[in-house]
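Geometric and topological summary
Chain by chain, the residues:
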Amino acid sequence: MSKVLIVDDEENIRTLIKEELEESGYEVIAVSNAKDALETLESDKDIDIICTDIEMPDVNGLELASEIRKRYPNKKIIFLTAYSHYKSEMASWAADAYVVKSMDLTEIKDTIENLLKIQ
């Protein structure tokens, strides 16, 4: 079973994505900030994909992705954000995929499935 780490400061978003991905057969860990995400990655080496929001307090998702790339270059990263303008920023290139948040989670599930195929 593939393991996904969700990083989002909004509890309702974390819960929605976690439940939807678990129903699709993934093991999911959900945290609210970059610090917890890095601690989780340190303690759980089996995480396959990190889905992170960009706009978060303290450390944003762009900074988190950069740190993950340094420490865990083989981990897959998906930016999951409500703001499409980040897609053109150089820092967003640290991610393997970019998904604009929607109530329909089909795109995020398809993106995870596709990234797992190319691991």
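All residue numbers refer to positions counted from 1 along the written sequence of the respective chain. It should be noted that, the model being predicted, local features are given only for residues of pLDDT at least 70 and side-chain atom pairs only at 80 or more, the latter also being counted only at that level, while totals for whole chains, interfaces and linings use all residues. Heavy atoms throughout the structure, all of them, feed into the side-chain values; hydrogens and water do not.

The protein appears in an unreviewed UniProt entry as Chemotaxis protein CheY from Petrotoga miotherma DSM 10691.

Here we look at the pattern of salt bridges
Just to be clear on terms, a salt bridge is a Lys or Arg side-chain nitrogen sitting within 4 Å of an Asp or Glu carboxyl oxygen. Counting across every chain of the model gives twelve salt bridges. Note that Asp 53 and Lys 101 form a salt bridge whose closest N and O atoms lie 3.5 Å from each other. Taken together, the residues Asp 53 in the loop between β3 (49–52) and α3 (61–71) and Lys 101 in the loop between β5 (97–100) and α4 (106–117) connect sequence positions 48 residues apart. Residue exposure (1.4 Å probe, protein chains only): buried if accessible area is under 20% of the type maximum, exposed if over 50%, otherwise partly exposed. Residue Lys 101 is classed as partly exposed on the basis of its relative accessible area, which comes to 22%. When the shortest N-O distance is used, the salt bridge between Lys 70 and Glu 67 registers 3.9 Å. Here Glu 67 and Lys 70 lie together in helix α3, a separation of three residues that amounts to about one turn. Within this structure, Lys 3, Glu 27 and Asp 44 form a network of salt bridges that share partners. Strands here mean DSSP runs of E at least two residues long; helices mean DSSP runs of H or I at least four residues long; both are numbered from the N terminus.

Comments concerning the pairing of β3
Regular strands place their side chains on alternate faces of the sheet. Going residue by residue along β3, you find Ile 49 and Cys 51 tucked away on one face and Ile 50 and Thr 52 tucked away on the opposite face as well. The pairing of strand β1 (residues 3–7) with β3 spans four bridges and is classified as parallel. Paired with Ile 6 across the strands is Cys 51, a residue of β3. Here the rule is simple: two strands pair whenever DSSP picks up at least two bridges between them. Relative to strand β4 (residues 76–81), β3 is paired through four bridges, and the arrangement is parallel. Opposite Thr 52, over in β4, you have Phe 79 as the bridge partner.

Here we look at unusual backbone geometry
Residues other than glycine seldom take positive phi values, yet Asp 58 does so here, at roughly 65°. For Asp 58, the position within the fold is in the loop between β3 and α3. Overall, Asp 58 belongs to the exposed group, its relative accessible area being 81%.

Remarks on the sheet that holds β5
Spatially, β2-β1-β3-β4-β5 is the arrangement adopted by the five strands of the open sheet, whose pairing is parallel. Edge positions in the sheet fall to β2 (27–31) and β5, since each of these pairs with one other strand and no more. Taken over all neighbouring pairs, the strand axes of this sheet differ in orientation by 20° on average, direction set aside. Sheet topology note: the β1/β2 ladder contains five bridges and is parallel. Bridge pairing in β2 links Leu 5 to Ile 29. Of the strands in this sheet, β1, β2 and β4 touch helix α1 (residues 11–23), which is tilted by about 175° from β2. Only heavy atoms enter the contact rule, under which two residues are in contact if any of them lie within 4.5 Å. To get an axis, a line is fitted to the C-alpha atoms, and for a helix only the part in contact is used. The angle between two axes follows their N-to-C directions and goes from 0 to 180 degrees. Its contacts with the sheet put α4 on β1, β3, β4 and β5, and the angle it makes with β5 is roughly 170°.

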